[in-house]
Amino acid sequence: MAEPTADAARAAADRGWRLRHLPVLVLSSVALAALGAAVGGVTGGADAALGVAAGVAVTALSYTLTTVVLAWADARNPQLVLPVGVGLYVAKITALGAVMVLVASTGWAGLVPLCLGIAAGVAVWTGVHIWWLTTVHARRQQG
C-alpha cells in the first residue's frame, strides 16, 4: 500500500474538510427556495409556491444526506465510500420515485412546480458547489 501523501495527511488532520462546504450550499438552497416560492406564488398560486419550495427542499435534503453519509464513510475507511454511496443512491432514487408516483396520483396542481424546484435545486447546488471548489477550496489548498 502506498504511503499517505502530504495532502492525505493534511486532510486527516483537518477533520472538518469533508463538510466545510455544506453551510454555503444549504444557504444557497434556502435562498433559491424562497425566491422560487415567491415566483411560484405570483405565477401559479399557493400550490405552485409550495411545489417549488418543496422541490428545492427535496434536493437540498438529498444532497445534504449524501454529503454527511459519505463524509462519515470516508472518515471511517475510504474503501466504504463506493458501496455506501451506491447503496444510498439506490435508496434515494427508489424513495424519490415512490414519492413522485404518490404525489402524481393525487392530481395535486403543484406537481410540475415540484419537478421544476427539484431541477432548479440540482442546478443551483451543483453551480454553487463548483464555485466553492474553484474559489474558496482552491484558496485553502494553495495557502
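Residues numbered from 1 in each chain as written. Predicted model: local features only at pLDDT ≥ 70, side-chain atom pairs only at ≥ 80, totals over all residues. Heavy atoms only, no water.

Enquirer: Describe the overall build of the protein, naming the residues involved and giving the relevant values.
Expert: Summing up its helical and strand segments, the protein has 5 helices and 0 strands in all. For the protein, the α and β elements follow one another from N to C terminus as α-α-α-α-α. The buried share among the 143 residues of the protein stands at 24%. In the protein, once contacts between residues fewer than 6 apart in sequence are set aside, the share between residues at least 24 apart is 68%. With an accessible surface of roughly 8800 Å², the protein has 74% of that area assigned to carbon and sulfur atoms. (Helix = DSSP H or I, 4+ residues; strand = E, 2+ residues; numbered from the N terminus. Buried < 20%, exposed > 50% of the residue type's maximum accessible area, 1.4 Å probe, protein only. Contact = heavy atoms within 4.5 Å. Areas by Shrake-Rupley, 256 points an atom, 1.4 Å probe, with all protein chains shown as cover.)

Enquirer: Could you give an account of the nonpolar core, naming the residues involved and the relevant values?
Expert: A general trend in soluble globular proteins is that nonpolar side chains are found buried together. Grouped together as the largest cluster of nonpolar side chains are 5 residues: L22, L25, A60, W125 and V128. Among residues more than four places away in sequence, those in contact with L22 are T64, T67, V68 and W125. (Core = buried A, V, L, I, M, F, W, Y, C linked by side-chain atoms within 4.5 Å.)

Enquirer: Can you lay out the environment of H21 for me, pointing to particular residues and giving the numbers?
Expert: The residue H21 is located in the loop between helix 1 (6-13) and helix 2 (22-44) in this model. On the basis of relative accessibility, which here comes to 8%, the residue H21 falls in the buried class. Sequence-wise, H21 and W132 are 111 residues apart; in three dimensions their C-alpha atoms are separated by 7.1 Å. In this structure H21 touches T67, H129 and W132, once residues within four positions along its chain are discounted.

Enquirer: Can you break down helix 3 (residues 46-76) residue by residue, with the values?
Expert: The first and last C-alpha atoms of helix 3 sit 45 Å apart over 31 residues, in line with the 45 Å expected at 1.5 Å per residue. Turning to helix 3, its buried residues number three or more, namely A48, A49, G51, V52, G55, V56, T59, A60, T67, A71, A73 and D74. (Expected span 1.5 Å × (residues − 1).)

Enquirer: Account for the packing of helix 2 against helix 3, with residues named and values stated.
Expert: Where helix 2 contacts helix 3, the axes come no closer than 6 Å and their chain directions differ by 165 degrees. Relative to helix 3, the element helix 2 lies roughly antiparallel. In this structure, helix 2 meets helix 3 at a crossing whose hand is right-handed. Of the residues in helix 3, those in contact with L22, V26, S29, L32, A33, G36, A37, G40, G41 and G44 of helix 2 are A46, A48, A49, V52, A53, V56, A60, T64, T67 and V68. Residues of the contact of helix 2 with helix 3, tallied by class, amount to 13 nonpolar, 7 polar and no charged. (Axes fitted to C-alpha atoms, helices over the stretch in contact; angles between N-to-C directions. Parallel < 35°, antiparallel > 145°, perpendicular 65-115°, else oblique. Left-handed = near helix turned anticlockwise from the far one by under 90°. Nonpolar A, V, L, I, M, F, W, Y, C, P; charged D, E, K, R; others polar.)

Enquirer: Summarise the environment of L19; cite the residues concerned and give the values.
Expert: Position of L19 relative to the elements: it lies in the loop between helix 1 and helix 2. With relative accessibility at 36%, the residue L19 sits in the partly exposed group. Taking the C-alpha atoms as reference points, L19 and V68, separated by 49 residues in sequence, lie 7.1 Å from one another. Not counting residues up to four positions away in its chain, the partners in contact with L19 are T67, V68 and A71.

Enquirer: Go over helix 4 (residues 81-106), please, and point to the residues and values.
Expert: Taking 1.5 Å per residue, 26 residues should reach 38 Å; helix 4 reaches 37 Å between its end C-alpha atoms and fits that length. Taken together, the buried positions of helix 4 are occupied by L88, K92 and V103. Immediately downstream of helix 4, the backbone of G107 shows phi near 75 degrees, a positive value.

What is shown is where atoms sit, not what they do.
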